[in-house]
Amino acid sequence: MNALRLKLSLFTLLVLLIGSDSLFGQQLRVASYNVRYDNPGDSLNNWKYRKDVMGKQILFHDFDIFGTQEALQHQLEDLLERLPHYDYIGVGRDDGKSDGEHSAIFYKTDMFQLLDKGDFWLSEDTTQPNKGWDAVLPRICSWGKFREKSTGFVFFFFNVHFDHVGIIARKESAKLILDKIKTLAGDLPTMLTGDFNVDQNSESYLVLNNSNILTDAYDIAQLKYGSKGTFNSFNINVNSESRIDHIFVTNDFNVLKHGVLTDTYRTSQTELEELVNSGAYPQEIILFQNEARLPSDHYPVICVIEYKSDSDIGI
């Protein structure tokens, strides 16, 4: 009898250890992507040329969950068509429904269960479309509460786009988001992605990064890859030290990798100038003069993160 009990105890311990490894060894590929709104004036950088490339880029880099900024309703639907097994949450900032830019969150439906969701405006009145403080445009933050299906791990995900002009608005928006995280997420693990329109030296950035609630994933990543700057203005040949697109995490996560993805593509113009082969490469190779283009005027930021072993599983 004692031997049977010992075997059952050892079996139970083994099951718990296996379960613990599956939870705390779980990695997530989290990203933030300002996709650039569909501006007819963007010429060859117009959305109609970029949407296929962007969809394939997201699939290739295998984002599990990611925040988007600037996308209009039809752009979200275009992406959804190109991203099987994903869904998104988030409403338009102009009417709380479909009008205007969104701060939408995309997630893999086979990986995550959506438990709750919501949106609030970055202003003194968070409940309806309006401009806050010295902002020149209405700004919105969308959030979701998710359960990772294979482990039961529950976390919150916030995604935002700060105003590009209002200095006071950006600082107050940072404070507001921290308050919302405390109210909505409490002690549950939380991620915040976004285009914050400020770099790592800004006062409003420091409100978040010095909050003892959130930490910039870049600062604690074990491996950093790619350009430091995240805005490119559709020009692959410019460079910047300013990171304005960020991923913040609570202390529940280890950040294994942080990358700024600088993938390019080529236009499919029908008449291209063939280059003269100088003899430096095989004659079978025919090269054409062509211009490298970028899927957006921001580089996407991606992090590979894992749950810490001392994280609690939410209910």
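Residues numbered from 1 in each chain as written. Predicted model: local features only at pLDDT ≥ 70, side-chain atom pairs only at ≥ 80, totals over all residues. Heavy atoms only, no water.

### With respect to the pattern of salt bridges
Stage number 1. Taken as a whole, this structure holds 15 salt bridges when the rule is applied.
Stage number 2. For K108, the salt bridge goes to D62, with nearest N and O atoms at 2.6 Å. Taken as a pair, K108 in strand 4 (residues 105-108) and D62 in the loop between helix 2 (47-61) and strand 2 (65-69) lie far apart in primary sequence, 46 residues in all.
Stage number 3. In the salt-bridge network here, residues are joined through shared partners; they are R36, D42 and D297. (Salt bridge = Lys/Arg side-chain N within 4 Å of Asp/Glu carboxyl O. Helix = DSSP H or I, 4+ residues; strand = E, 2+ residues; numbered from the N terminus.)

### Let's talk about the pairing of strand 15 (residues 301-307)
Stage number 1. Judged by how many residues are buried, strand 15 sits mostly within the fold: seven of seven residues are covered.
Stage number 2. Burial along strand 15 is two-sided: V301, C303, I305 and Y307 facing one way and I302, V304 and E306 facing the other are all buried.
Stage number 3. In the sheet, strand 1 (residues 27-34) pairs with strand 15 via six bridges, with the strands oriented antiparallel. Following the sheet pairing, L28 is matched in strand 15 by I305.
Stage number 4. Examined bridge by bridge, strand 12 (residues 253-260) and strand 15 share seven bridges and lie antiparallel to one another. Within strand 15, the residue paired with V260 across the bridge is V301. (Buried < 20%, exposed > 50% of the residue type's maximum accessible area, 1.4 Å probe, protein only. Pairing = 2+ DSSP bridges.)

### A short note on the side chain of E148
Stage number 1. Here E148 shows up in strand 6 (residues 140-148).
Stage number 2. Buried charge without a salt bridge: E148, with R147 as the nearest opposite-charge side chain at an N-O distance of 7.6 Å. (Lys, Arg positive; Asp, Glu negative; His and termini not counted.)

### Here we look at the sheet that holds strand 7 (residues 154-161)
Stage number 1. What the six strands build is an open sheet, ordered 5-6-7-8-11-9; its pairing is mixed. Bordering the open sheet on either side are strand 5 (112-121) and strand 9 (215-216), each of which pairs with just one other strand.
Stage number 2. Judged from the seven bridges that link them, strand 6 and strand 7 form a sheet pairing that is antiparallel. Within strand 7, the residue paired with W143 across the bridge is F158.
Stage number 3. Of the strands in this sheet, strand 5, strand 6, strand 7 and strand 8 (190-195) touch helix 4 (residues 167-185), which is tilted by about 155° from strand 7. (Contact = heavy atoms within 4.5 Å. Axes fitted to C-alpha atoms, helices over the stretch in contact; angles between N-to-C directions.)

### As for the sheet that holds strand 15
Stage number 1. Across the sheet, which stays open at both edges, the seven strands sit in the order 3-4-2-1-15-12-10 with mixed pairing between neighbours. Only two strands of the sheet have a single partner each, and these edge strands are strand 3 (86-89) and strand 10 (223-226). Each neighbouring strand pair of the sheet contributes to a mean axis angle of 20°, computed without reference to strand direction.
Stage number 2. One ladder, built from five bridges, connects strand 1 with strand 2; its direction is parallel. Residue pairing for strand 2: V30 is matched across the bridge by I65.
Stage number 3. Strands in contact with helix 2 are strand 1, strand 2, strand 3 and strand 15; relative to strand 1, the strand with the most contacts, it is inclined by about 160°.
Stage number 4. Sitting on the sheet, helix 3 (residues 73-82) is in contact with strand 2, strand 3 and strand 4, with an inclination near 160° to strand 3.

### What to know about the packing of aromatic side chains
Stage number 1. Evaluated as defined, the whole model comprises 18 aromatic pairs.
Stage number 2. Ring geometry for F112 versus F146: centroids 6.2 Å apart, planes at 70°, classification edge-to-face. Separated by 34 residues along the polypeptide, F112 in strand 5 and F146 in strand 6 bring together distant segments of the chain.
Stage number 3. For F112, a relative accessible area of 2% corresponds to the buried category.
Stage number 4. By relative accessible area, which is 0% here, F146 ends up buried.
Stage number 5. Geometrically, the ring pair formed by F153 and F253 is edge-to-face, given 6.2 Å between the ring centres and 70° between the ring planes. Remark: F253 occurs in strand 12 and F153 occurs in the loop between strand 6 and strand 7; sequence separation between them is 100 residues. Taken as a pair, F153 and F253 share a single burial class, namely buried. (Phe/Tyr/Trp six-rings, centres within 6.5 Å; stacked < 30°, edge-to-face > 60°.)

### Things to note about the nonpolar core
Stage number 1. The biggest cluster of nonpolar side chains holds 26 residues, and the ones touching the most others in it are I65, F146 and M191.
Stage number 2. For this core, the elements supplying multiple residues, two or more each, are strand 1, strand 4, strand 7, strand 11 (245-249), strand 12 and strand 15.
Stage number 3. The greatest single-element share of this core, amounting to four residues, is contributed by strand 15.
Stage number 4. With near-sequence residues (within four places) excluded, I65 lies in contact with R29, V30, A31, I105, F106, Y107, F112, F146, F155 and F157.
Stage number 5. If you look at the next biggest cluster of nonpolar residues, it comprises 22 residues, including W143, A174, L178 and L192. (Core = buried A, V, L, I, M, F, W, Y, C linked by side-chain atoms within 4.5 Å.)

### A few points about a nonpolar patch on the surface
Stage number 1. A cluster of nonpolar side chains, namely V136, L137 and V165, defines an oily patch on the protein surface of about 200 Å² accessible area.
Stage number 2. Looking at the secondary structure, you find V165 in the loop between strand 7 and helix 4.
Stage number 3. Overall, V165 belongs to the partly exposed group, its relative accessible area being 44%. (Patch = residues over 30% accessible without salt bridge, like charges linked within 9 Å, V, L, I, M, F, W, Y side chains within 5 Å. Areas by Shrake-Rupley, 256 points an atom, 1.4 Å probe, with all protein chains shown as cover.)

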